[in-house]
Amino acid sequence: MQTPQAAGRPGLVSLVGMVRSGSTYLEGYLADQYGGIAVGELIGVWGAMENSEILCACMNRPLECSFWCEVVGRYEGLLDPDTRRFMQETNRRVMPVRNYRSWLQTLRLPLNKTMQWYCTEVSRLYLAVGAAAESAGSHLVVDSSKHPFFYGLARASGGFEAFEHTPAIRLVRDPRGVLYSLARPKAQVTTQGAVTQMVAHGGIRGIRYWWAMNSAADRVVPIGTPMIRYEDLGSDAVAYLMARWGYREQPAVELTRHQLVANPVRQQGTRTFQLDARWQAAGLPWRTGVATMLRPWMRRYGYLDKPQSELDRP
Ligand SMILES: [Zn+2]
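As a starting point, this report considers the structure included with it. Please read these numbers as outputs of a predicted model, since none were measured by experiment. (Residues numbered from 1 in each chain as written. Predicted model: local features only at pLDDT ≥ 70, side-chain atom pairs only at ≥ 80, totals over all residues. Heavy atoms only, no water.)

Right, let's get into the side chain of Ser144. With respect to the helices and strands, the residue Ser144 is situated in strand E3 (residues 140–146). The exposure class of Ser144 is buried, given its relative accessible area of 0%. At a separation of 3.0 Å, a polar atom in the side chain of Ser144 contacts the side chain of Glu27. Apart from the residues lying within four places of it in its own chain, the contact partners of Ser144 are Leu15, Ser23, Glu27, Gly40 and Glu41. (Helix = DSSP H or I, 4+ residues; strand = E, 2+ residues; numbered from the N terminus. Buried < 20%, exposed > 50% of the residue type's maximum accessible area, 1.4 Å probe, protein only. Polar contact = N/O pair within 3.5 Å; in protein donor to acceptor, adjacent residues only side chain to side chain. Contact = heavy atoms within 4.5 Å.)

Shown next, in the form of structure tokens:
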């Protein structure tokens, strides 16, 4: 097999799973180490283009960022108000986890006209991102959209044809760590200065969110898709995986990080991975309940290999 770095077209690595699982760190790391570009959550790019406050991870406004200017030059839908409105409205309608069952059904059946239109726009975005990355001399694009339904649609859309190699990584994290993180607001730098993000999910809603995203992610990724746990991001598991896929470490191509939509840490430059285990010391009353409710999934991801008392130890 020709390695992505020897081919003309870049490879695409899609991170699939739940938010607050380390995807922003992972995509930045991959982009830095393998001559790639981290593009953030492509699912949200239409909305980001409409938001006058958003700054790219390179700290430019989207239309002042060299990478996104290249993308927009190839895909005018990002500037078209009707397309942006349609994509945002469709995202708001179909992506919430209350639609979990219809995600899986939709991916099995022929798409209706609305979802065909949606997929056409998704395809155009991926084709433009791939072409822009190739033009920048990049060998790798990392998409941290994570949403399993969006990943399934993107994969079926034809947009992955811009890439030489399109593996996914199933990213998982202990639900207690995710819920703790979801309950903490994060400040990000915008064109208006620092603002605080809204906390979207907490308590029981967070449990359902974690379950639906992970359960659907397991179903939509191809058989054999490797799983990386947040807790293993500081190990050599990722380097081993990339070597298996034929990527060799190499200098970055100019700026590597162009996430418009991602965790605010995207704006903090290169960082080494630091395990955030504050949830273990937080003494949250719901922690044991979460472990009980999600026990089968935690076992599937290896979080119950250790005695429960050890996992719960502050
Ligand atoms: Zn940028």
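Structure shown, so let's carry the discussion forward.
For the zinc ion, every protein donor is listed as Cys56 (SG), Cys58 (SG), Cys65 (SG) and His258 (ND1), and the spread of their distances is 2.1 to 2.3 Å. Taken together, the four donor atoms coordinating the zinc ion and their angles of 93 to 118 degrees define a geometry best described as tetrahedral. The exposure class assigned to Cys65 is buried, which follows from its relative accessible area of 0%. The class of His258 is buried, set by a relative accessible area of 2%. (Donors = N, O, S within 2.8 Å, 3.2 Å for Na, K, Ca; no water. Tetrahedral: all angles 85-135°; square planar, octahedral: opposite > 155°, others 65-115°.)

A sheet is described by the order of its strands in space; here five strands give the open sequence E2-E3-E1-E4-E7, paired in parallel fashion. Each edge of the open sheet carries a strand with a single partner, namely strand E2 (36–40) and strand E7 (227–229). When the angles between neighbouring strand axes are averaged without regard to direction, this sheet yields 25 degrees. As defined by bridge partners, strand E4 (residues 168–172) adjoins E7 across three bridges and the pair is classed as parallel. For Leu171, the partnering residue across the bridge sits in E7 and is Ile228. Packing of helix H6 (residues 113–135) onto the sheet brings it into contact with strand E1 (11–17), E2 and E3, and relative to E3 it is tilted by some 145 degrees. (Pairing = 2+ DSSP bridges. Axes fitted to C-alpha atoms, helices over the stretch in contact; angles between N-to-C directions.)

Turning our attention to unusual backbone geometry. Phi at Arg20 is positive, roughly 55 degrees, even though this residue is not glycine. Checked against the element boundaries, Arg20 lands in the loop between E1 and helix H1 (23–33). In the Ramachandran plot, Met59 falls in the positive-phi region, its phi being about 70 degrees despite a non-glycine side chain.

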